[in-house]
Amino acid sequence: MAVVGFAHAPHVPETFGTTNGVEMLVPCFQQLYSQLGITKSDIDFWCSGSSDYLAGRAFSFISAVDAIGAVPPINESHVEMDAAWALYEAWVKLRSGQAKTALVYGFGKSSAGTLRQILTMQLDPYLVTPLWPDAWSIAGLQARAGLDAGRWTERDMAAVAAGEGGDVESLLDTPYVADPLRAHDIAPITDGAAAIVLAVGDRARELCERPAWITGMAHRVDTPTLGARDLTVSPSTSAAAQAVTGGNTSFDIAELHAPFSHQQLILAEAIGLTNGTKVNPSGGALAANPMFAAGLERIGFAAEAIMAGSANRALAHATSGPALQQNLVTVLDSEARR
Amino acid sequence: MNFPAAVLGTGQTHHVTKRTDVSMAGMCREAIDRALVDAGLTIADIDAVVVGKAPDLFEGVMMPELYLADALGATGKPLLRVHTAGSVGGSTGVVATNLVQAGVHKRVLAIAWEKQSESNAMWALSIPVPFTMPVGAGAGGYFAPHVRSYIRRSNAPSHIGAMVAVKDRRNGAKNPLAHLKQPDITLESVLASQMLWDPIRFDETCPSSDGACAMVIGDEEAATAVEATGKKVAWVHGTAMRTEPTTFAGRDQVNPQAGQDAAAALWRAAGISDPLNEIDVAEIYVPFSWFEPMWLENLGFVPQGDGWKLTDKGETEIGGILPVNPSGGVLSSNPIGASGLIRFAEAAKQVMGRAGAYQVEGARKAFGHAYGGGSQYFSMWVVGSEKR
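The structure displayed is predicted, hence computed values, not measured ones.

Caption draft 1: Quick look at the overall build of chain B. The secondary structure content of chain B amounts to 14 helices and eleven strands. Computed over the C-alpha atoms, the radius of gyration of chain B is 19 Å, within 12% of the 21 Å expected from 2.2 N^0.38 for a compact globule of 388 residues. Its C-alpha atoms give chain B principal-axis dimensions of roughly 55 × 45 × 45 Å. The 388 residues of chain B split such that 64% are buried. Counting only contacts in chain B whose residues sit at least 6 apart along the sequence, the fraction spanning at least 24 positions is 77%. About 12200 Å² of surface is accessible on chain B, with carbon and sulfur atoms providing 53% of the total. Side chains of chain B give 33 positive and 39 negative charges; the mean places of these two sets differ by 0 Å.

Here it is, written out as structure tokens:
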């Protein structure tokens with residue numbers, strides 16, 4: 001099974017489109033159809049990821065179906081998660097032999113509300129949410145725990161944000177936003193949407209000259225109790241990575257979904273990435289973090305590198321929940337090894 | 001690679017208006033523990049957890065499965081959260097089954113719930129959507145015109161809806177977990193109940209319930225191990241899901257194409273050519289009584305216009321040609337997110353011979369069904385006592 005096409009909406013701080021994603025999704029679908037020479041009737045299974053809380057309305061994903069024009073009816077499902085998990089559901093459907101092609105999409109309009117506060121509603125509603133620790137505060141606690149434990153320095157964090165050839169010194173001169181996080185340590189607010197087409201075997205070869213074969217996919221969740229886990233490590237990422245890499249962690253590129261700079265350090269270590277792997281050539285979530293599509297985009301960017309011939313083996317990671325609670329790892333290869 | 005899958009065990013909470021004694025976590029755990037006991041397993045035997053729930057705004061927690069990971073026994077395991085509106089419980093069963101059918105996992109726990117007392121679901125379902133005409137009339141107000149339209153086009157007599165209500169509530173009285181137990185309900189009492197959304201009366205509507213349902217789906221090896229203990233499992237013969245938009249020109253909301261297509265795909269997958277005669281018992285998502293005859297036609301059990309005739313002849317009672325909702329159905333218990341999985345679980349219980357006082361004698365093939373949104377999301381399955 002392979003990724004044969006990827007498209008995403010422009011990464012913007014605020015789209016004028018509605019919260020159901022339709023205006024961002026239609027151009028993505030059109031791009032994929034024309035690129036692959038297919039129509040919506042060529043898709044056997046559809047799966048999407050989004051969040052009602054981001055839209056501020058129950059059943060927001062229902063009107064997203066309008067972007068498809070699902071007449072006649074489609075075989076479709078939806079996860080209330082990042083669309084990387086929708087891709088997982090599609091991967092399962094294709095593996096079971098019930099479909100040969102799938103289109104997976106995700107969307108989120110973070111600008112519709114105050115994201116850092118909305119994400120607080122993911123916490124234990126009886127004991128933690130009433131204290132309103134927002135997403136930045138929780139990530140700040142995580143970053144502080146790593147600094148105190150000597151796992152990383154503020155300079156290491158700035159280096160993640162600066163990327164290759166970036167100016168670390170000037171970043172370190174900027175003020176704290178949520179001590180020890182500075183603005184560059186925090187993913188920007190991004191509205192966006194993304195879509196990926198999956199196909200099986202010969203169908204993938206028909207649709208794409210150099211398909212990005214998915215050779216493994218796994219995900220795990222950690223405890224929600226922030227005080228019950230070591231925030232400086234990510235056991236769920238380690239377990240998922242171990243399950244799909246079998247210990248072979250040499251990749252040309254890795255796309256890691258790290259909405260905070262220090263989380264990239266945690267993830268790279270949890271996966272066991274080596275120096276030969278280029279991390280986040282797309283810029284990662286610190287460059288653009290369209291909620292509920294950002295994890296799917298990591299898979300898309302990794303696949304795109306393989307389809308374009310600039311990588312042969314790639315890893316993509318997606319996260320969800322406070323302080324990297326839930327993690328998914330995908331391995332993509334230029335050759336169908338399994 | 002399509003591996004056989006079977007239901008190993010099911011568990012439900014009792015369904016009531018308000019569970020003030022437990023949190024969401026405690027309520028889910030009750031259903032999970034009962035399903036594990038029913039399957040003869042412990043949480044350590046579970047490879048992955050699939051969660052289903054209708055909208056997060058009902059309880060005011062964003063993606064509650066994240067905070068529930070420990071309570072669900074999911075920590076350290078894969079956790080998937082499915083959400084396909086009112087059909088979500090059914091979709092949860094389908095996704096959990098697919099994980100086994102794809103050979104990804106051996107034993108998967110499906111859990112669905114709703115704690116409706118945390119909000120007012122009837123009105124939460126009427127939130128205005130951009131570019132869609134607001135109804136603002138609650139779920140009953142949305143569906144009442146469809147029922148009226150059905151009555152007009154099928155010439156059904158006006159007592160059919162009340163007959164369904166009487167049957168389902170009397171069946172519910174035999175189900176120890178049902179929310180509404182009304183053994184003494186009569187056609188006259190239903191017809192005398194208040195008209196809410198003409199032609200839907202108070203006694204023809206589902207209750208708002210708190211409740212949870214869990215199910216363990218296993219692969220062939222796991223199922224054979226349960227069978228070796230002398231207990232039956234429910235082999236999954238087929239699943240189907242279909243979606244269409246809420247509105248489009250010419251959409252038939254009385255007999256939606258998505259439901260017809262899903263049923264056709266399901267019968268094909270399960271190798272069934274004559275559903276009325278081959279299916280022994282059906283658990284159909286009937287939140288308003290008139291949806292029984294409507295769905296009997298939509299699903300292909302009878303030709304268009306004949307659904308009410310089957311009900312009128314008493315053929316959907318326990319003992320009829322197609323017993324529908326022997327558990328009492330959605331009309332007796334409706335924790336929305338769980339309701340679809342309950343239909344799937346009740347179908348499984350029938351072919352496993354574990355339905356107690358409302359067991360349909362000799363049930364070998366059963367049908368479970370869920371629908372959602374504005375009647376545009378469908379999920380369904382057929383389970384059997386034999387592997388096929």
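Caption draft 2: Molecular detail of the side chain of Thr18(A). Looking at the secondary structure, you find Thr18(A) in the loop between β1 (2-8) and α1 (22-36). Polar contacts involving the side chain of Thr18(A) include one to the side chain of Asn20(A), which spans 2.9 Å. Sequence-distant contacts of Thr18(A), that is, excluding residues within four places in its chain, are made with Glu23(A), Lys109(A), Pro130(B) and Phe131(B).

Caption draft 3: Broad picture of the state of the cysteines. Residue and element names in this part refer to chain A. On inspection of all chains with the given rule, the structure shows zero disulfides over all chains. The structure places no disulfide on Cys28, whose sulfur is separated from the nearest cysteine sulfur, that of Cys47, by 16 Å. Overall, the relative accessible area of 2% leaves Cys28 in the buried class. No disulfide involves Cys208; its nearest neighbouring cysteine sulfur is the one of Cys28, lying 18 Å away.

Caption draft 4: Molecular detail of the pattern of salt bridges. Summed over the entire model, instances satisfying the criterion amount to 31 salt bridges over all chains. By sharing partners, the salt bridges in this structure join Asp42(A), Arg203(A) and Glu206(A) into a single network.

Caption draft 5: Geometry of the packing of helix α4 (residues 83-95) of chain A against helix α12 (residues 294-308) of chain A. All names here are of chain A. Close contact between α4 and α12 brings their axes to 6 Å; oriented N to C, the two are set at 65°. Where α4 abuts α12, its residues Ala83, Ala84 and Leu87 lie against Gly295, Leu296 and Ile299. Of the residues in the contact of α4 with α12, the class split is five nonpolar, one polar and no charged.

Caption draft 6: A look at helix α11 (residues 261-271) of chain A. For α11(A), the tally of buried residues reaches eight of eleven residues, placing the bulk of the element in the interior. Once α11(A) finishes, Gly272(A) follows within two positions and takes phi at roughly 85°, a positive value.

Caption draft 7: Summary view of the packing of aromatic side chains. All names here are of chain B. With the rule as written, the count across this model stands at 23 aromatic pairs over all chains. For the ring pair Phe143 and Phe288, a centre distance of 6.1 Å and an interplane angle of 50° mean the geometry is tilted. One end of the pair, Phe143, is in helix α5 (residues 138-154); the other, Phe288, is in the loop between β9 (281-283) and α11 (291-298), and 145 residues separate them in sequence. Residue Phe143 is classed as buried on the basis of its relative accessible area of 7%. Take Phe288: its relative accessible area is 3%, and that puts it in the buried class. Note on Trp197 and Phe288: the rings are 6.2 Å apart at their centroids and 85° apart in plane angle, and the pair reads as edge-to-face.

Caption draft 8: Molecular detail of the interface of chain B and chain A. Listed per partner, the contact involves 59 residues of chain B and 55 residues of chain A. Taking both partners together, chain B and chain A bury about 4800 Å²; carbon and sulfur atoms supply 64% of that area. The tally of links between chain B and chain A comes to zero salt bridges. Along the contact surface separating chain B from chain A lie 16 residue pairs in polar contact (both at pLDDT 80 or more).

Caption draft 9: Broad picture of unusual backbone geometry. Residues Asp179(A) and Pro180(A) are joined by a peptide bond in cis, for which omega reads 10°. Mapped onto the fold, Pro180(A) is located in the loop between β5 (176-178) and β6 (181-182). Residue Pro199(B) follows Asp198(B) across a cis peptide bond; omega there is 10°. Mapped onto the secondary structure, Pro199(B) falls in the loop between β5 (195-197) and β6 (200-201).

Caption draft 10: Fine view of the pairing of strand β3 (residues 79-82) of chain B. Residues and elements named next belong to chain B. Taking every second residue as pointing to the same face, both faces of β3 are buried, with Leu79 and Arg81 on one and Leu80 and Val82 on the other. Sheet topology note: the strand β2 (residues 48-52)/β3 ladder contains four bridges and is parallel. Looking at β3, one finds that Val50 is bridged to Leu80.

Caption draft 11: The environment of Ala311(A), seen in detail. All names here are of chain A. Here Ala311 lies in the loop between α12 and β11 (313-320). Taking relative accessible area as the criterion, Ala311 reaches 2% and is therefore assigned buried. C-alpha separation for the pair Ala311 and Asp252, spaced 59 residues apart in sequence, amounts to 5.7 Å. Sequence-distant contacts of Ala311, that is, excluding residues within four places in its chain, are made with Arg210, Asp252, Ile253, Ala305 and Ile306.

Caption draft 12: Looking closely at the UniProt feature "domain: Thiolase C-terminal" (unreviewed entry) in chain B. Taken from the UniProt record, the annotation "domain: Thiolase C-terminal" (unreviewed entry) applies to residues 252-377 of chain B. In the segment residues 252-377 of chain B, helix accounts for 42% and strand for 10%; the C-alpha atoms at its two ends are 14 Å apart.

Caption draft 13: Representation of α12(A) within the structure. Here α12(A) spans 21 Å end to end across 15 residues, near enough to the 21 Å set by a 1.5 Å rise per residue. The positive-phi residue at the C-terminal boundary of α12(A) is Gly309(A), with phi of around 90°.

Caption draft 14: Geometry of the packing of α4(A) against helix α3 (residues 88-101) of chain B. At a closest axis distance of 8 Å, the pairing of α4(A) and α3(B) adopts a crossing angle of 55°. Judged by the inter-axis angle, α4(A) sits oblique to α3(B). Regarding α4(A) and α3(B), the two cross each other, and that crossing is left-handed. Side by side, α4(A) and α3(B) meet where Tyr88(A), Glu89(A), Val92(A) and Lys93(A) of the first sit next to Val94(B), Val95(B), Asn98(B) and Leu99(B) of the second. In terms of residue class, the contact of α4(A) with α3(B) is made up of five nonpolar, one polar and two charged.

Caption draft 15: Quick look at the environment of Cys213(B). Residue and element names in this part refer to chain B. Tracing the backbone shows Cys213 in strand β7 (residues 210-219). Taking relative accessible area as the criterion, Cys213 reaches 0% and is therefore assigned buried. Considering only alpha carbons, one finds Cys213 and Ala173, 40 residues apart in sequence, at a separation of 19 Å. Those residues in contact with Cys213 that sit more than four places away from it in its chain are Gly11, Gln12, Ala31, Ala110, Ile111, Ala112, Ala338, Leu341, Ile342 and Ala345.

Caption draft 16: The arrangement of the confidence of the model for chain B in detail. Scored by pLDDT, chain B has a mean of 96; 100% of the residues are at 70 or more. The ipTM for the predicted assembly is 0.97, set against a pTM of 0.98.

Caption draft 17: Just the nonpolar core, in detail. Within the largest apolar cluster, 171 residues are counted, with the highest numbers of intra-cluster contacts made by Val3(A), Leu103(A), Tyr105(A), Leu198(A), Ile284(B), Phe301(B) and Phe367(B). Ranked by size, the runner-up nonpolar core spans 35 residues in total, among them Leu8(B), Val22(B), Val49(B) and Val226(B).

Caption draft 18: Layout of the pairing of strand β8 (residues 212-221) of chain A. Residues and elements named next belong to chain A. For β8, the tally of buried residues reaches ten of ten residues, placing the bulk of the element in the interior. Both β1 and β8 contribute to a ladder of two bridges, which runs antiparallel. By the bridge assignment, Ala2 is partnered in β8 with Trp213. Where β8 lies against strand β12 (residues 326-333), eight bridges are found, and the strand directions are antiparallel. From the neighbouring strand, Arg220 faces β12, where its bridge partner is Asn327.

About the criteria used
- Residues numbered from 1 in each chain as written.
- Chains lettered and ligands numbered in written order.
- Predicted model: local features only at pLDDT ≥ 70, side-chain atom pairs only at ≥ 80, totals over all residues.
- Heavy atoms only, no water.
- Helix = DSSP H or I, 4+ residues; strand = E, 2+ residues; numbered from the N terminus.
- Rg over C-alpha atoms; globule rule 2.2 N^0.38 Å.
- Buried < 20%, exposed > 50% of the residue type's maximum accessible area, 1.4 Å probe, protein only.
- Contact = heavy atoms within 4.5 Å.
- Areas by Shrake-Rupley, 256 points an atom, 1.4 Å probe, with all protein chains shown as cover.
- Lys, Arg positive; Asp, Glu negative; His and termini not counted.
- Charge placed at Lys NZ, Arg CZ, Asp CG, Glu CD.
- Polar contact = N/O pair within 3.5 Å; in protein donor to acceptor, adjacent residues only side chain to side chain.
- Disulfide = S-S within 2.5 Å.
- Salt bridge = Lys/Arg side-chain N within 4 Å of Asp/Glu carboxyl O.
- Axes fitted to C-alpha atoms, helices over the stretch in contact; angles between N-to-C directions.
- Nonpolar A, V, L, I, M, F, W, Y, C, P; charged D, E, K, R; others polar.
- Phe/Tyr/Trp six-rings, centres within 6.5 Å; stacked < 30°, edge-to-face > 60°.
- Buried area = accessible area lost by both parts, 1.4 Å probe.
- Pairing = 2+ DSSP bridges.
- UniProt positions renumbered as here; feature names shortened; annotations may be inferred.
- Expected span 1.5 Å × (residues − 1).
- Parallel < 35°, antiparallel > 145°, perpendicular 65-115°, else oblique.
- Left-handed = near helix turned anticlockwise from the far one by under 90°.
- pLDDT = per-residue confidence, 0-100.
- Core = buried A, V, L, I, M, F, W, Y, C linked by side-chain atoms within 4.5 Å.

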